[in-house]
Amino acid sequence: MIIRLIAILGVCAAMLAGCDKGAPRAGDEAESPLPPNRYGASAAYDEGRAALEAFLANRMTGPDGIYTNLLETAQDATAASGHEILSESAGLLMRYDALDGRREPFAEAWSRAKALFDMDASFSYRYSPLSDRRYPVNAAVDDLRIIRALYEAGAIFKDAAYTAEADRYGQRFYAYNVKDGRLYDFYDETYKTTNDFLTLCYVDLKTLGMLNLPDDDKKILLEKARRTAEGGYLGDAFPFYETRYDYGAGKYASPQDIRTVESLVTILHLSEAGLAHPESIAYIKKQVGAGTLFGTYSRDGAAKDDVRSTAIYALAAMIGSAAGDKELYEEAIARMNELRTTGTGGPLDGGFGDPATGQAYSFDNLTALLAYAY
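Visitor: Is there a simple way to think about the packing of helix H10 (residues 310–322) against helix H11 (residues 326–338) in this case?
Guide: Packed helices, taken two at a time, are described by their axes: the angle between them and the distance between them. Their axes nearest at 7 Å, the elements H10 and H11 cross at an angle of 165°. As the angle between them shows, H10 and H11 are arranged roughly antiparallel. For H10 against H11, the interelement crossing comes out left-handed. In this structure, H10 uses Thr310, Tyr313, Ala314, Ala316, Ala317, Gly320 and Ser321 to contact H11, whose residues at the interface are Leu328, Tyr329, Ala332, Ile333, Arg335 and Met336. Class assignment of the residues belonging to the contact of H10 with H11 gives a composition of 9 nonpolar, 3 polar and 1 charged.

Below is the structure:
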C-alpha cells in the first residue's frame, strides 16, 4: 500500500499574523530550525532562481497548489500524477518561503496546505482535484517537513504563532506516527493503523529533535530513529544506505538496487544532525565534480543507469551546506543548473523537465528551489 509513499519519491517517476512574539523555549538555541550554514543563492544564482520561481508560479501552480507533473492525467493511478497535489510539495514550498524570508507567500502557502491536507491525525499526502479526493494516509517525512517549515517560519519571522502550531502538529505527529518510541512511515486514518517498517530517508532527526515532547519521550524516539538510520550504512566502499528497516522481521529490507535520491535524503538528515560519514560526503563530492552522480546503483556501488536527476544534484547541494562544504554546495548547484531548460521558447523554459516529453515533476523543481535557499 501507499505506494511506498511516492511523496518523497516523486523524482523516482523520472523524489497568523498579529500574534504575540513570545520568548524562545529553553533549548531552542541547541535545536535551531535553520540550516547550519545557509550559504544561500549568490548573485550568480539569482537569475536561475528567479526563472524557476516564475516557471513554478506560471506553469506548475493551480488553484490548490503545485502540480505533481506539468502534464495532466486521469489522476487515478496508484502513484500521484498529473495535476494532483502533494503535501510534499506544500512543505518544500513552505520551507523555501521561510528560508527566503517571504512572509506573505509563506502565509498563503500554509493556509492553502492546511485547508487541503489537514486531517484529524495527520496531513494527507495526496489530493486529487478531479475526484475531489483527499487520501486518508500521511507520509511521515512530509508531515515532518511541514512542521520544520513552521518552526523555521517562527524563528525567521519572529512569530510565536507559527512555533505554537509546529508544537501542536508535532505532538499530534508523535501520537499517531510513533509507537513505543519507534517512528513509522505512515498512519492510515481509515484503518487506524501504521505500517510495520521505517524507510530510512524518513528519519529527519533534526525535525524530530525540535518536537516539543517530554524529555524522556524525545530521547527514546531520537535514539531509536538514529540507531535505525545509522545502522543502514552500506560501508565505506559504497557509503550509501539501506532503503528500509522492517520492524517485524527485525532487519533491513532493501531492494537489490539502491536509489540515489533516497540515500541522499538519508545522508542529508544525518548531516543536519552531525552524523554523516565523511566517506559519504567525499563520495558525493567526487561524483558531483565528475558529473557522474547517477540515479541508481547496485549494492556494491556500480552505476545501473546514467540518469542525472535535478533533485539528486539539489540534494547534494543541501548536503554540502549541512556538512559545511561550500565547494560541494556550489559545484552541485552548478551541475543542477546544467539540467535547466532554457532558450527553447517552450513551456519548460526556466524550469527542470524533459522538453521531449513535456514532463516536469514537482519534486525536481521544488527541491532545486529549496537548494537555492540553503
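Read on for the rest.
Visitor: Honestly, the sheet that holds strand S4 (residues 126–128) in this entry has me stumped. Any pointers?
Guide: Sheets are built from strands that pair by backbone hydrogen bonding, the pairs being arranged parallel or antiparallel. As summarised here, the arrangement of the 3 strands in space is S3-S4-S5, forming an open sheet in which the pairing is antiparallel. The open sheet has two edge strands, strand S3 (85–86) and strand S5 (133–134), and neither has a second partner. Pairing of S4 with S5 involves 2 bridges; the strand directions are antiparallel. Across the sheet, tyrosine 127 pairs through a bridge with arginine 134, a residue of S5.

Visitor: I tried to follow helix H9 (residues 278–290) on my own but got confused; where do I start?
Guide: Helical geometry note: an α-helix holds 3.6 residues per turn, so side chains three or four residues apart project in the same direction. Its 13 residues place the ends of H9 19 Å apart at the C-alpha level, agreeing with the 18 Å of an ideal helix rising 1.5 Å per residue. Restricting attention to buried positions, one finds in H9 the residues Ser280, Ile281, Tyr283, Ile284, Gln287 and Val288. Buried residues in H9, looked at end-on, bunch into an arc of 165°, giving them a common side. For H9, the exposed residues lying more than 90 degrees away from the buried face are Pro278 and Lys286. Buried positions along H9 lie against helix H8 (260–272), strand S14 (296–298), H10 and H11.

Scoring rules and cut-offs
- Residues numbered from 1 in each chain as written.
- Predicted model: local features only at pLDDT ≥ 70, side-chain atom pairs only at ≥ 80, totals over all residues.
- Heavy atoms only, no water.
- Axes fitted to C-alpha atoms, helices over the stretch in contact; angles between N-to-C directions.
- Helix = DSSP H or I, 4+ residues; strand = E, 2+ residues; numbered from the N terminus.
- Parallel < 35°, antiparallel > 145°, perpendicular 65-115°, else oblique.
- Left-handed = near helix turned anticlockwise from the far one by under 90°.
- Contact = heavy atoms within 4.5 Å.
- Nonpolar A, V, L, I, M, F, W, Y, C, P; charged D, E, K, R; others polar.
- Pairing = 2+ DSSP bridges.
- Expected span 1.5 Å × (residues − 1).
- Buried < 20%, exposed > 50% of the residue type's maximum accessible area, 1.4 Å probe, protein only.
- Arc of directions from axis to C-beta.

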